[in-house]
Amino acid sequence: MIRYLTAGESHGPALTVIVEGLPAGIPVQTKSIADELARRRLGFGRGLRMKIERDALELLGGVRFGRTLGSPVSIVIRNSEWAKWERVMAPEGQPAGNALTEPRPGHADLAGVLKYDFTDARNVLERASARETAARTAAGALAKALLDEIGVRVVSHVVAIGTAEAPPGQRPTPADLEAIDASPVRCFDPGAAAAMAAEIEAAQEAGDSLGGVFEVIAYGVPVGLGSHVHYDRKIDARLAYHLMSIQAIKGVEVGDGFAMARQRGTAAHDEIFFEDGELRRHSDRAGGTEGGMTIGGTLRVRAAMKPLATLKRPLRTVDLATGEPAAAFRERTDSCSVPAAAVVGEAVVAWVLAEAVVEKFGGDTLGDLQGAIEAYLQRVRSATPMGPR
């Protein structure tokens, strides 16, 4: 199995991620990880911090001369503003600055303060911040490096921001990723992108925030990742778990998801055909999974992001120090982070697929893994109505 662990706070000295279990021999370059982190900072509606943040990362272990060693990979992402925050976030000494006691509705502040018996919400918000997703994006970059070696590519795009939506049925491919990233809102449709940008501008003028929906599509996925035999091995359950763990995500659907609930069975499922010696589908309403397993080819998931909770026009709350009504405190914030969340969504989908690939095919080296996959695919290809059983 592969796994990762992140550590660090939003305004702390650095974020750290350790990835364990990757086979030896996977090509890894610092630049490719940095490029993924730069993509995470994209998007119209981001705040000032995205302009000054520079994800200065360093590979500390597990990679030698551009290839994984099979040992844990350690990555540190340093905070370029640490000097400004050292007195506030120092690991030792006494607190500097005022305690934050006006929790924001919609954020982790209140629940975290009560759960951990804190008197300062900064103890909660620093870790709850979406800044943590930079570390997960770095882990996802390693997962993508593995997937690239077996022909699996992952792409994301924004399909809705506020009430502005892209036309249904658009399916960008990995070849379209550069064009998507060039869009200020990472939308594949130029007309819809303009409408989304207009909605963000209106929200900015009102001191408000906007959520939206993004879609992640994986191409070249092998059949049979995941399993039907236990709840925690189902690939769609694992995708939902990881996507829902992204800050501010409130809903996940696989394939046509909620729309299928309004259809009859004859219109909802993907019929199976045997053509030119292959088993094929003419539709992908199920999003590439059935019974907790991938069916091969394309996998498609969507996630819904709520509007951000830190607002220029703060909502009403209670000052926990006095019990009196108050306005929620403000940190630097974005008016819309859906384009960035889509990049994080790519990372976590890539991670789930890489995890499932290593789980199924094993191997201490990339060559071992590739050999096991090829043998498996040959066996699957022969298991047709005309082939041996």
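Cut-offs and rules
Residues numbered from 1 in each chain as written. Predicted model: local features only at pLDDT ≥ 70, side-chain atom pairs only at ≥ 80, totals over all residues. Heavy atoms only, no water. Salt bridge = Lys/Arg side-chain N within 4 Å of Asp/Glu carboxyl O. Helix = DSSP H or I, 4+ residues; strand = E, 2+ residues; numbered from the N terminus. Buried < 20%, exposed > 50% of the residue type's maximum accessible area, 1.4 Å probe, protein only. Pairing = 2+ DSSP bridges. Axes fitted to C-alpha atoms, helices over the stretch in contact; angles between N-to-C directions. Contact = heavy atoms within 4.5 Å.

I tried to follow the pattern of salt bridges on my own but got confused; where do I start?
Side chains that differ in sign of charge can pair as their charged atoms come close. Applying the stated rule across the entire model yields 30 salt bridges. Close ionic contact of Glu215 with Arg302 constitutes a salt bridge, the shortest N to O distance being 3.0 Å. Highlighted residues: Glu215 in strand S9 (residues 212-226) and Arg302 in strand S14 (residues 293-305), separated in sequence by 87 residues. On the basis of relative accessibility, which here comes to 0%, the residue Glu215 falls in the buried class. Here Arg302 falls in the partly exposed class, since its relative accessible area comes to 23%. The shortest N-O distance in the salt bridge between Asp256 and Arg300 comes to 3.1 Å. With Asp256 in the loop between strand S10 (249-254) and helix H10 (265-268) and Arg300 in strand S14, this pair connects stretches of sequence that are 44 residues apart. Residue Arg300 is classed as buried on the basis of its relative accessible area, which comes to 3%. A cluster of three or more residues bridged by salt bridges with shared partners is formed by Glu36, Arg39, Lys144, Asp181, Arg186 and Glu346.

I'm lost on the sheet that holds strand S2 (residues 14-20) in this one. Help?
Consider a sheet: its strands pair through backbone hydrogen bonds, and that pairing is either parallel or antiparallel. The strand order across the open sheet formed by 4 strands is S1-S2-S6-S3, and the pairing between neighbours is antiparallel. Among the strands making up the open sheet, the edge pair consists of strand S1 (3-7) and strand S3 (56-61). Averaged over all neighbouring strand pairs, the angle between strand axes comes to 15°, with direction disregarded. On the sheet, helix H6 (residues 133-148) packs against S1, S2 and strand S6 (73-78) and is oriented at approximately 30° with respect to S2.

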